[in-house]
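Chain by chain, the residues:
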Amino acid sequence: MTVGSQADQGKAPVTRDRLHVDCAGSEVFGHVTSRWGILVLAALLDGPLRFAALRDEVEGISEKMLSQNLRDLVGDGLITRSVEPDTPPKVSYALTTPGRELAERLYAVLEWIGRNLV
């Protein structure tokens, strides 16, 4: 399930069904709220980044975990993957419109935690 496909159908209200663990969005929610997902999204708020720059931006993430998170978030429609034909190919990642909207909201949560809990 991708976020983009939901956006095309219009905004659906949050219902009790959406709070159920088996809801269709629970997989996307798991990707976004994983240990690294929120940090990857936040790191892309300033603009597109290549893999190595993104790895450096998200302190402590391994290349394997970054690859897995990027694959999940691309599949969810929150991030785009662009390949420039070069030798070697240059791959960059950027937020989609829904990804940006979500990342901005999640970043606000990170800021709130920093002000109030750390």
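The structure under discussion appears in the preceding block.
Here the structure is a predicted model, which means the values were calculated and not measured.

Engineer: Help me understand the nonpolar core, please; the structure alone is not making it clear to me.
Structural biologist: Counting residues in hydrophobic clusters, the biggest one holds 23 residues, and the most contacted among them are V40, L41, L44, L54 and I79. For this core, the secondary structure elements donating two or more residues are α2 (26-32), α3 (37-43), α5 (63-75), β3 (90-95) and α6 (97-116). When residues of this core are assigned to their parent elements, the largest contribution, 4 residues, is made by α3. If we ignore the near neighbours within four places in the chain, the residues touching I79 are V40, L41, L44, L70, L73, V74, Y93, A94, L95 and T96.

Engineer: Looking at this model, I keep getting lost on the environment of V83. Mind explaining?
Structural biologist: Looking at where V83 falls in the secondary structure, it is placed in strand β2 (residues 79-84). The partly exposed category is assigned to V83, whose relative accessible area is 45%. Setting aside anything within four residues of it in sequence, one finds V83 in contact with P89, K90 and V91.

Engineer: Quick question: what am I supposed to make of the layout of surface pockets here?
Structural biologist: If a probe the size of a water molecule is rolled over the atoms, the empty space left behind becomes visible. In this structure, the second largest pocket encloses a volume near 230 Å³. Taken together, L39, A42, A43, L45, D46, G47, P48, L49, E57, Y107 and L110 form the lining of the second largest pocket. In terms of residues, the lining of the second largest pocket owes the most to one element, α3, which gives 3 residues. Its residues assigned to classes, the lining of the second largest pocket comprises 8 nonpolar, 1 polar and 2 charged.

Engineer: It is not clear to me how the pattern of salt bridges should be interpreted in this structure. Could you clarify?
Structural biologist: It is possible for side chains bearing opposite charge to pair when their charged atoms get close. According to the stated counting rule, one finds 5 salt bridges in the structure shown. A salt bridge links D56 to R55, with the nearest nitrogen and oxygen atoms 3.4 Å apart. R55 sits in the partly exposed class, given a relative accessible area of 26%. We note a salt bridge from D86 to K90, for which the minimum N-O separation is 3.6 Å. Judged by relative accessible area, which is 38%, D86 ranks as partly exposed. Linked through salt bridges whose partners overlap, the residues forming this network are R55, D56 and E63.

Engineer: Would you mind going over a nonpolar patch on the surface with me for this structure?
Structural biologist: Taken together, the side chains of V109, W112, I113, L117 and V118 define a hydrophobic patch exposed on the protein surface, amounting to about 530 Å² of accessible area. Here W112 shows up in helix α6. Judged by relative accessible area, which is 43%, W112 ranks as partly exposed.

Engineer: I would appreciate a short explanation of the sheet that holds β3 in the present structure.
Structural biologist: Where strands meet in a sheet, backbone hydrogen bonds hold them as pairs that are either parallel or antiparallel. A sheet is described by the order of its strands in space; here 3 strands give the open sequence β1-β3-β2, paired in antiparallel fashion. Unpaired on one side and paired on the other, β1 (49-50) and β2 mark the two borders of the sheet.

Calculation criteria
Residues numbered from 1 in each chain as written. Predicted model: local features only at pLDDT ≥ 70, side-chain atom pairs only at ≥ 80, totals over all residues. Heavy atoms only, no water. Core = buried A, V, L, I, M, F, W, Y, C linked by side-chain atoms within 4.5 Å. Buried < 20%, exposed > 50% of the residue type's maximum accessible area, 1.4 Å probe, protein only. Helix = DSSP H or I, 4+ residues; strand = E, 2+ residues; numbered from the N terminus. Contact = heavy atoms within 4.5 Å. 1 Å grid on protein atoms, 1.4 Å probe; cavity = no way out; pocket = protein on both sides within 12 Å on 5 of 7 lines; lining within 4 Å. Points joined across faces, edges and corners; volume = space filled by probe spheres on them. Nonpolar A, V, L, I, M, F, W, Y, C, P; charged D, E, K, R; others polar. Salt bridge = Lys/Arg side-chain N within 4 Å of Asp/Glu carboxyl O. Patch = residues over 30% accessible without salt bridge, like charges linked within 9 Å, V, L, I, M, F, W, Y side chains within 5 Å. Areas by Shrake-Rupley, 256 points an atom, 1.4 Å probe, with all protein chains shown as cover. Pairing = 2+ DSSP bridges.

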